[in-house]
Each structure stands twice: as structure tokens, then as C-alpha cells.
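Architecture at a glance
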Amino acid sequence: MDIFVSFWGTRGSIPTPGFRTSRFGGNTACLELHTNNTLVVCDGGSGMRELGLDMLDRNLDAVTGHLFFSHTHWDHIQGFPFFPPVYDPRNTFYVYTSGPDDRTFELLTGQMKSDYFPVEFSELRARVERRDLDAVGGRVGDFQVDSLALNHPGGATGFRFRCGDVKIVYLSDHELDTLLDNRQQALDSPDLPRQIPQRFLDFAGGADLLVADGQYGDAEYLQRVGWGHSRATTLVDLALQAKVKQLAVTHHDPMQSDEDVDAKIRACRRRAQSLEGGRLVIFGAREGVQLRFETGTFPRSGGDTLERPL
Ligand SMILES: [Zn+2]
Ligand SMILES: [Zn+2]
């Protein structure tokens, strides 16, 4: 089975259209994973609109989509009201939450109150419902989904998607640096290996693809400690220690031009080279890029599936 992973929004904080960002893109967070049977969307930043338009191009109708939101900061939900498939009565979307105290659904739909947006949530034509991830045992179509609490103001959730023997991990938004076991040493001597807490190594362990918040270059981060985002180079330590195969650095800072993102990624590659010979594949997440993964074993399917192939 093939799994396609598409980047629709890779910017953090606020959309940044313009010539300075045209290569990596200016849309905020949105990542799509799909198999023939299952459509998963991680975060609904402004890139979600691009995903929706692409779904129209693909003539997708009668779709069941599974929506995961890391948290409800604007850059992760602002595309939802502009996502064309929610206006099609043939479609169904599940918004995954965890436990009765999870306010994701209310906060997501609350942005469509008439003070903020001309169309009320109740006027959407598609079925949009909340669904508790634990209640379905993490089974979401072709994927088995696990979650992990991240370090971000107000909280955020990371997700791991397993399908057959393929593992894809999404960690955004997340400040790993202040959780390091050698936090101060890692700030004072940035060349030293950074000690990643075991729970993140377990969660990301052996991932075929890790997509993670690496908003800041090293120098920027020193001015932004405690803001809730990671130094991109710290992701290299996570990926190497967790034996990840491919690292996509995402949630680029709105101040970063394409050249700045290039420089940030070069610094990551230099770090990987010096720590472990550079075997890890590292790239800056870029709008419009699609990756394909092939599972070795056909997984048992559960939950909802699409009637029509994607
Ligand atoms: Zn964000
Ligand atoms: Zn955030």
C-alpha cells in the first residue's frame, strides 16, 4: 500500500505571502497523509485551503476525512473556514479530541462565530463531528494513531501515524530545548550532543518521517527561549537518537526568507554530519511537496474508509 504525505502549509505563526518566501511557501501549518482508503489532515492553517482546492481538482467527493489539530492557535485552525470540502454535503469530517475536557472542537468551530466570520459553523454543509481518539482505540482508517503531549504555551499534541510498517510522526508546536536533560549545557556549548527526554525518543523511534517544529535557527532561538518552539538543530539530535530515517523541519519562522530557511537546514545538515556522519536525510518542509511511502505489509483496516479511491 502507498502512503502519500503532502505539505500544504509549512510556515509558523502567521501567513507570509510574498517573494521572500515563495519557494518554501507562506501558508501556515497543514499536512496531509493519505492512502487509497483514508484521508488524514494534521492541522488546519491557511495551507488547508490549498489542500481543499487540490481535493476539488482530484474530484474527491463523498469523502470521509480525519482531522487532527495539534492545538488551536490561529496558525493551526485559520484555514478551516476556507476549506471548500466542508461546504459539500456529501462529505464527512471527524475532528479528533482526547477526553471530555478537550476543547479543540469548540475552539475550532468558535472561530466561525458571526463576529469573526460570515458563515456560522452550523451552516456548513458537510457533516463535521468530534470523535474521541481513545474511544476508537486510535484506529483511524488505515492508520493506528498515538498522541503525545508537547511543550508549548497552552499545550499542544503530537501525533504518530502507523500504517503497516511505515511510521510517520508529527510534532508541532513544540519547544524541545527547554526539556533537554542537559538544557543549560546545550545552550552554553551548542556543539555538544543534546540529551533528548526518553519519551520523545520512544515516540519518534524508528520513524520513516519525522515532521517537526524547528522554527528557529541557533542565533534566533537565544532571543526566543520559552516561546514554545524548537531550535531546528535540536531536531537533528532527536532524529539521530531516535533513529529516524528522514527529518522534515517545519513551522518556519515568519521572519525567515527562503535563503534563511536554506541556511537553517544547512546548519542542521552540518550538525548531522559532525554528530553521526550525515546519514540522516534532512530537508526544509516546503509547500507543494509530496512524499510517497510504501508499506511492506498490508495493515488491518478499521474505522471509516473512503468509498472512492483518493
Ligand atoms: Zn504554530
Ligand atoms: Zn502554537
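Scroll up a little and you will see the structure.
Residues numbered from 1 in each chain as written. Chains lettered and ligands numbered in written order. Predicted model: local features only at pLDDT ≥ 70, side-chain atom pairs only at ≥ 80, totals over all residues. Heavy atoms only, no water.

1. Brief notes about the overall build of the protein chain
Helix and strand counts for the protein chain come out as 8 helices and 14 strands. Radius of gyration (C-alpha) of the protein chain: 19 Å, near the 19 Å computed for a compact globule of 310 residues. Dimensions along the principal axes, computed over C-alpha positions, put the protein chain at roughly 55 × 45 × 40 Å. Taking all contacts inside the protein chain whose residues are at least 6 apart in sequence as the whole, residues at least 24 apart take part in 72%. Just so you have it, the protein chain exposes about 13200 Å², and 48% of that area is on carbon and sulfur atoms. Charge separation in the protein chain, taken as the distance between the mean sites of 33 positive and 43 negative side-chain charges, equals 3 Å. (Helix = DSSP H or I, 4+ residues; strand = E, 2+ residues; numbered from the N terminus. Rg over C-alpha atoms; globule rule 2.2 N^0.38 Å. Contact = heavy atoms within 4.5 Å. Areas by Shrake-Rupley, 256 points an atom, 1.4 Å probe, with all protein chains shown as cover. Lys, Arg positive; Asp, Glu negative; His and termini not counted. Charge placed at Lys NZ, Arg CZ, Asp CG, Glu CD.)

2. Comments concerning the coordination of the zinc ion (ligand 1)
Each pair of donors in an ideal four-coordinate tetrahedral metal site encloses 109.5 degrees, whereas pairs in an ideal six-coordinate octahedral site enclose 90 or 180 degrees. Around the zinc ion (ligand 1), the protein contributes the donor atoms D75 (OD), H76 (NE2), D173 (OD) and H251 (NE2), which lie 2.1 Å from the metal centre. Given 4 donor atoms and angles of 92 to 164 degrees at the metal, the environment of the zinc ion (ligand 1) is assigned as irregular. Look at where the donors of the zinc ion (ligand 1) fall in the sequence and you get D-H-x96-D-x77-H. Between the zinc ion (ligand 1) and the zinc ion (ligand 2), the interatomic distance is 3.5 Å, and D173 donates to each metal, bridging them. Highlighted residues: D75 in helix 2 (residues 74-77) and H251 in the loop between strand 12 (246-250) and helix 8 (258-276), separated in sequence by 176 residues. (Donors = N, O, S within 2.8 Å, 3.2 Å for Na, K, Ca; no water. Tetrahedral: all angles 85-135°; square planar, octahedral: opposite > 155°, others 65-115°.)

3. Notes on the coordination of the zinc ion (ligand 2)
Those protein atoms acting as donors to the zinc ion (ligand 2) are H71 (NE2), H73 (ND1), H152 (NE2) and D173 (OD), and they sit at 2.1 to 2.6 Å. Metal-centred angles of 90 to 172 degrees between the 4 donor atoms at the zinc ion (ligand 2) mark the site as irregular. In terms of primary sequence, the donors binding the zinc ion (ligand 2) are separated according to H-x1-H-x78-H-x20-D. Overall, the relative accessible area of 34% leaves H73 in the partly exposed class. Exposure remark for H152: the relative accessible area of 9% places this residue in the buried category. (Buried < 20%, exposed > 50% of the residue type's maximum accessible area, 1.4 Å probe, protein only.)

4. A few points about helix 7 (residues 232-241)
Of all 10 residues making up helix 7, 9 are buried, and the element is well covered by its neighbours. Just beyond helix 7, the residue with positive phi is K243, at close to 55 degrees.

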